[in-house]
Amino acid sequence: MSSITGWLNRHLAAVVALLLLAVMFAVVRLPEASADERARSAAAFRFTPLSIAMPGGFDQQSIRAVNQDYRDIRAWISSVGAGVAMTDLDGDGRSNDLCLVDPRIDQVVVAPVPGAGGDRYPSFVLDPAPLPMNPYIAPMGCVPGDFNEDGRTDLLVYWWGRTPVLFLARGGAATVSGQAFRPVELVPAVPSSGPYRGPQWNTNAVAVADFDGDGHVDILVANYFPDGPVLNPNVSGGVAMNRSMSNATNGGQDHVFRWQGVTGGDDPDVSYAEVPSVFDKDVSRGWALAAAAHDLDGDLLPELYVANDFGPDRLLHNRSTPGRIEFAAVTGPRSPFVPKSKRVGADSFKGMGVDFGDLDGDGRVDIYVGNITTSFGIQESNFAFVNTAADAEEARRLLTTGVAPLRDRSAPLGLAWSGWSWDVKFGDFDNSGRPEIVQTAGFVKGLVNRWAQLQEAATANDILLDDPSWWPNVREGDDIAGNQHLAFHVRAADGRYEDLSGELGLAVPIPSRGIATGDADGDGRLDFALARQWDAPVFYQNQSPTPGAFLGLRLVHPGTTGTASGDGLPAAGSPVVGARVTVTTPDGRTVTGQVDGGSGHSGKRGFEVHLGLGAVTGAVQVRLDWRDRTGAVRQQQLSLQPGWHTLELGSQAQEAKP
């Protein structure tokens with residue numbers, strides 16, 4: 001006994017410390033669902049993967065050629081560029097057309113959604129000719145939209161190495177094909193002949209919304225690298241890396257373009273003008289990887305969230321008036337119990353993806369942001385910014401004073417850690433009235449683990465970082481988070497989210513980038529398409545066995561549906577981007593949605609508003625808020641039966657004529 005007492009006396013401090021650690025672990029450990037609970041939750045979902053028909057005849061690559069200064073981090077530089085959008089190009093009223101960016105061939109591909117109707121037209125590549133190009137340009141994403149307001153869906157393509165190109169749908173096109181689109185420059189000052197010698201933008205995020213409230217969509221182009229020859233292997237120099245891991249403001253400049261005017265017909269055109277000095281330098285020169293627009297304060301002027309790598313994301317309060325675009329950066333309130341990196345606008349994490357949605361089911365819009373969250377790698381945290389304002393009026397009052405009424409609750413919600421994250425999308429895939437979150441993950445896939453070297457770089461002195469030669473080697477064959485997989489977050493009855501990707505067959509260990517959602521077959525169940533980095537894209541058809549009721553709204557401007565000529569394809573209609581839908585169910589629940597003009601990293605959802613209603617059998621009360629083509633704010637109350645509806649929103653809402 002004396003020996004035991006003596007041992008305790010000698011090691012009392014260590015024993016007490018271990019006991020304290022055990023007690024603290026038990027206190028702070030977050031609850032986890034049991035295997036049975038996970039299985040019951042997963043039973044509500046079922047997805048069937050389908051291959052997407054890609055055009056042949058193109059040489060394939062597994063890594064990009066890069067500037068000589070980047071040769072030792074070539075795989076790092078080649079880690080982005082896979083993108084996907086779901087939209088309606090043939091005017092059949094369904095988001096069953098895909099616009100894909102495939103890095104393996106460095107082309108923008110248009111393809112029908114696989115399955116029924118997948119043979120409507122052969123997949124093809126968008127050709128920017130006769131616009132100038134050069135061999136050192138690569139596409140990064142595709143954003144659908146009706147930019148010239150003729151009711152037909154156009155496509156905006158953004159690149160590394162040049163300014164964006166608008167592919168405008170021709171009014172007389174009889175089929176979806178490469179000839180059905182006319183390429184025009186977004187930036188009019190770009191020379192129109194010879195090899196491309198214009199500005200070398202390196203864009204990784206685009207958001208489309210009516211920023212100034214004049215009834216026409218505007219465009220944010222957010223760049224990653226500073227302008228320069230990132231993909232030119234024949235030169236050395238003219239490029240850089242971030243000057244800090246946590247506060248870098250030497251990235252590419254962000255640009256805002258305001259709509260000016262249009263021309264329709266077989267040779268359509270549209271005019272946009274850049275708005276100078278919209279952002280301060282420290283806001284404009286972040287390393288942007290994602291952007292999203294959504295109205296937080298009820299004035300139908302969308303706020304803007306820009307997710308930046310290597311430094312603070314930016315939430316920008318919209319203070320515009322028609323003809324004048326103005327934003328002001330806002331930050332989350334200070335608190336002794338909230339770390340700086342958990343505050344909106346003050347973080348130091350690696351923002352990769354962002355989307356707006358209702359995280360906690362209170363009918364108010366929240367924000368979810370994907371960051372790098374890898375255990376034993378770089379363990380930051382995703383953000384689940386929950387709206388703390390009592391209503392839109394309080395949100396407006398706080399935002400006007402520079403305070404963002406948002407608090408991160410990612411850990412208690414079970415959303416803090418999901419790997420090396422990228423795109424995120426809210427969507428109610430079982431129509432339960434509780435949206436799920438799909439989230440891509442993974443970085444560079446190979447055989448040689450480079451996490452240790454990356455950790456060294458992450459802790460290095462900031463003064464070394466902007467020189468690529470100081471970065472650890474990440475070449476072809478190296479691996480950083482290469483086996484991470486898509487996450488499918490499902491909210492349980494207690495409000496916490498669980499990743500059920502393993503139970504649903506979605507946990508494929510291939511790095512993924514863009515997510516697009518939409519109801520491709522019109523059955524009321526949201527499908528989604530997935531863009532993978534250096535692998536084939538895939539379409540997941542939703543075959544959930546017992547979905548609830550839903551309300552699906554296609555909200556379009558009057559006079560933009562139908563056919564302009566006898567031989568042309570029908571027009572899908574010009575979406576009323578930013579229109580807000582608020583549904584009150586018979587049991588008093590509130591479900592909200594908005595027409596999204598194009599938010600996220602490299603994935604873009606369809607324009608329809610899809611809201612799950614749960615066990616609803618009769619009509620629901622719907623409030624619509626929108627701006628018409630003159631910019632006037634409109635509001636209307638409707639009683640609508642569950643199912644799909646197409647509404648024209650002019651001075652009032654009316655069911656569109658078939």
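This is a predicted model, so every value here is computed, not measured.

What counts and what doesn't
Residues numbered from 1 in each chain as written. Predicted model: local features only at pLDDT ≥ 70, side-chain atom pairs only at ≥ 80, totals over all residues. Heavy atoms only, no water. Helix = DSSP H or I, 4+ residues; strand = E, 2+ residues; numbered from the N terminus. Rg over C-alpha atoms; globule rule 2.2 N^0.38 Å. Buried < 20%, exposed > 50% of the residue type's maximum accessible area, 1.4 Å probe, protein only. Salt bridge = Lys/Arg side-chain N within 4 Å of Asp/Glu carboxyl O. Lys, Arg positive; Asp, Glu negative; His and termini not counted. Polar contact = N/O pair within 3.5 Å; in protein donor to acceptor, adjacent residues only side chain to side chain. Contact = heavy atoms within 4.5 Å. Pairing = 2+ DSSP bridges. Axes fitted to C-alpha atoms, helices over the stretch in contact; angles between N-to-C directions. Domains from an automatic or database assignment. Buried area = accessible area lost by both parts, 1.4 Å probe. Phe/Tyr/Trp six-rings, centres within 6.5 Å; stacked < 30°, edge-to-face > 60°. 1 Å grid on protein atoms, 1.4 Å probe; cavity = no way out; pocket = protein on both sides within 12 Å on 5 of 7 lines; lining within 4 Å. Points joined across faces, edges and corners; volume = space filled by probe spheres on them. Nonpolar A, V, L, I, M, F, W, Y, C, P; charged D, E, K, R; others polar. Arc of directions from axis to C-beta. Disulfide = S-S within 2.5 Å.

(A) Broad picture of the overall build of the protein chain. Scanning the protein chain from N- to C-terminus turns up six helices and 42 strands. Taken over the C-alpha trace, the protein chain has a radius of gyration of 25 Å; the compact-globule value for 658 residues is 26 Å, and the two agree within 12%. With the principal axes as the frame, the protein chain shows a C-alpha extent of 100 × 65 × 50 Å. Across the 658 residues of the protein chain, 60% fall into the buried class.

(B) Geometry of the pattern of salt bridges. For the structure shown, the criterion picks out 30 salt bridges. For aspartate 628, the salt bridge goes to arginine 634, with nearest N and O atoms at 2.9 Å. Judged by relative accessible area, arginine 634 falls into the partly exposed class, the value being 27%. One salt-bridge network, held together by shared partners, links Asp90, Asp92, Asp97 and Arg120.

(C) Expanded view of the side chain of aspartate 479. Structurally, the position occupied by aspartate 479 is in strand β26 (residues 478-479). Despite its burial, aspartate 479 remains without a salt bridge, the nearest opposite charge being carried by lysine 445 at 5.5 Å. Of the polar contacts made by the side chain of aspartate 479, one reaches the backbone nitrogen of glycine 446; its length is 2.9 Å. Residues contacting aspartate 479, with those up to four places away along its chain left out, are Val444, Lys445, Gly446, Leu447, Val448, Asn449, Arg450 and Trp451.

(D) Geometry of the sheet that holds strand β19 (residues 366-370). Strand order in this open sheet of four strands is β18-β19-β21-β22, and the pairing throughout is antiparallel. The open sheet has two edge strands with one neighbour each: β18 (353-357) and β22 (406-408). Strand-to-strand, the axes of this sheet are offset by a mean angle of 20 degrees, without reference to chain direction.

(E) Looking closely at the domain arrangement of the protein chain. The domain boundaries assigned to the protein chain delineate domain 1 (46-542) and domain 2 (549-655). Relative to domain 2, the C-alpha centre of domain 1 lies at a distance of 24 Å. Facing 77 residues of domain 1, the contacting portion of domain 2 comprises 50 residues. Interface area for domain 1 against domain 2, summed over the two sides, is near 4,300 Å², with a carbon-plus-sulfur share of 47%. When residues of domain 1 are sorted by the area they lose upon contact with domain 2, Arg152, Leu300 and Asn431 head the list and together hold 14% of the total. Remark: the boundary between domain 1 and domain 2 carries three salt bridges. For arginine 580, the salt bridge goes to aspartate 295, with nearest N and O atoms at 2.8 Å. At the boundary of domain 1 with domain 2, the tally comes to 39 residue pairs in polar contact (both at pLDDT 80 or more). Going through the elements one at a time, β2 (83-87), β6 (138-145), β10 (203-209), β14 (287-294), β18, β23 (419-427) and β29 (512-518) are the ones with two or more residues in the side of domain 1 that touches domain 2.

(F) Summary view of the packing of aromatic side chains. All chains considered together, the criterion is met by 27 aromatic pairs. Geometrically, the ring pair formed by tryptophan 422 and phenylalanine 443 is stacked, given 6.5 Å between the ring centres and 15 degrees between the ring planes. Residue tryptophan 422 is located in strand β23, and its partner phenylalanine 443 is located in the loop between β24 (436-441) and β25 (448-449); the two are separated by 21 residues in the primary sequence. Assigned by exposure class, tryptophan 422 and phenylalanine 443 land together as buried. Aromatic pair phenylalanine 429 and phenylalanine 488: ring centres 5.5 Å apart, planes at 55 degrees, arrangement tilted. Pair noted here: phenylalanine 429 is in the loop between β23 and β24 and phenylalanine 488 is in strand β27 (residues 487-491), with a separation of 59 residues, a long-range link. Phenylalanine 488 matches phenylalanine 429 in its accessibility class, with the two residues each being buried. These aromatic residues form a ring-pair network of at least three members: Tyr70, Trp76, Trp160, Tyr224, Phe225, Trp287, Phe310, Trp420, Trp422, Phe443, Trp451 and Trp471.

(G) Spotlight on empty space enclosed by the protein. Per the stated rule, a full pass over the model turns up seven cavities of 30 Å³ or more. Considering only enclosed or pocket space, the largest cavity measures out at about 210 Å³ in volume. Forming the boundary of the largest cavity are 23 residues, of which Asp210, Val217, Pro575, Val576 and Val577 lie nearest the centre. A class-by-class count of the residues in the lining of the largest cavity yields eleven nonpolar, seven polar and five charged.

(H) Highlighting the sheet that holds strand β36 (residues 590-594). Across the sheet, which stays open at both edges, the four strands sit in the order β36-β35-β39-β40 with antiparallel pairing between neighbours. Of all strands in the sheet, those bounded by a partner on one side alone are β36 and β40 (633-640). Each neighbouring strand pair of the sheet contributes to a mean axis angle of 15 degrees, computed without reference to strand direction. Across five bridges, the pairing between strand β35 (residues 580-584) and β36 is antiparallel.

(I) Summary view of the pairing of strand β31 (residues 538-542). With five of five residues buried, β31 is to be regarded as a mostly interior element. Judged by which residues are buried, β31 turns out to be covered on both faces: Val538, Tyr540 and Asn542 on one side and Phe539 and Gln541 on the other are all buried. With five bridges connecting them, strand β1 (residues 47-51) and β31 associate as antiparallel partners. The residue bridging threonine 48 from the neighbouring strand is glutamine 541, located in β31. Both strand β30 (residues 527-532) and β31 contribute to a ladder of three bridges, which runs antiparallel. Its bridge partner lying in β31, phenylalanine 528 is registered against tyrosine 540. Between β30 and the antiparallel strand that follows it, β31, lie five residues; tryptophan 534 among them carries a positive phi value of about 65 degrees.

(J) Region of the structure containing helix α5 (residues 392-400). Where α5 is concerned, the buried positions are Ala395, Leu398 and Leu399. Taken around the axis of α5, the buried residues stretch over an arc of 95 degrees, which confines them to a single face. Opposite the buried face of α5, by more than 90 degrees, sit the exposed residues Glu393 and Arg397. Those residues of α5 that are buried lie in contact with β16 (314-318) and β17 (327-330). In this structure aspartate 391 caps α5, since a side-chain oxygen of it lies 3.3 Å from the backbone nitrogen of glutamate 393. Where α5 ends, the next residue or the one after it, glycine 402, has phi of about 90 degrees, a positive value.

(K) Highlighting unusual backbone geometry. Here alanine 129 and proline 130 are connected by a cis peptide whose omega angle stands at 10 degrees. The phi dihedral of serine 277 falls on the positive side, at around 55 degrees, and the residue is not glycine. Note that serine 277 resides in the loop between β13 (269-274) and α4 (281-284). We classify serine 277 as exposed; its relative accessible area is 72%.

(L) Structural view of the state of the cysteines. By the definition in use, this model includes one disulfide. Covalent S-S linkage joins cysteine 99 and cysteine 142, the inter-sulfur distance amounting to 2.1 Å. On the sign convention where negative is left-handed, the bridge of cysteine 99 and cysteine 142, at about 95 degrees about the S-S bond, is right-handed. With cysteine 99 in strand β3 (residues 97-102) and cysteine 142 in strand β6, this residue pair connects regions lying 43 residues apart in the sequence. The pair cysteine 99 / cysteine 142 is uniform in exposure class, with both members buried.

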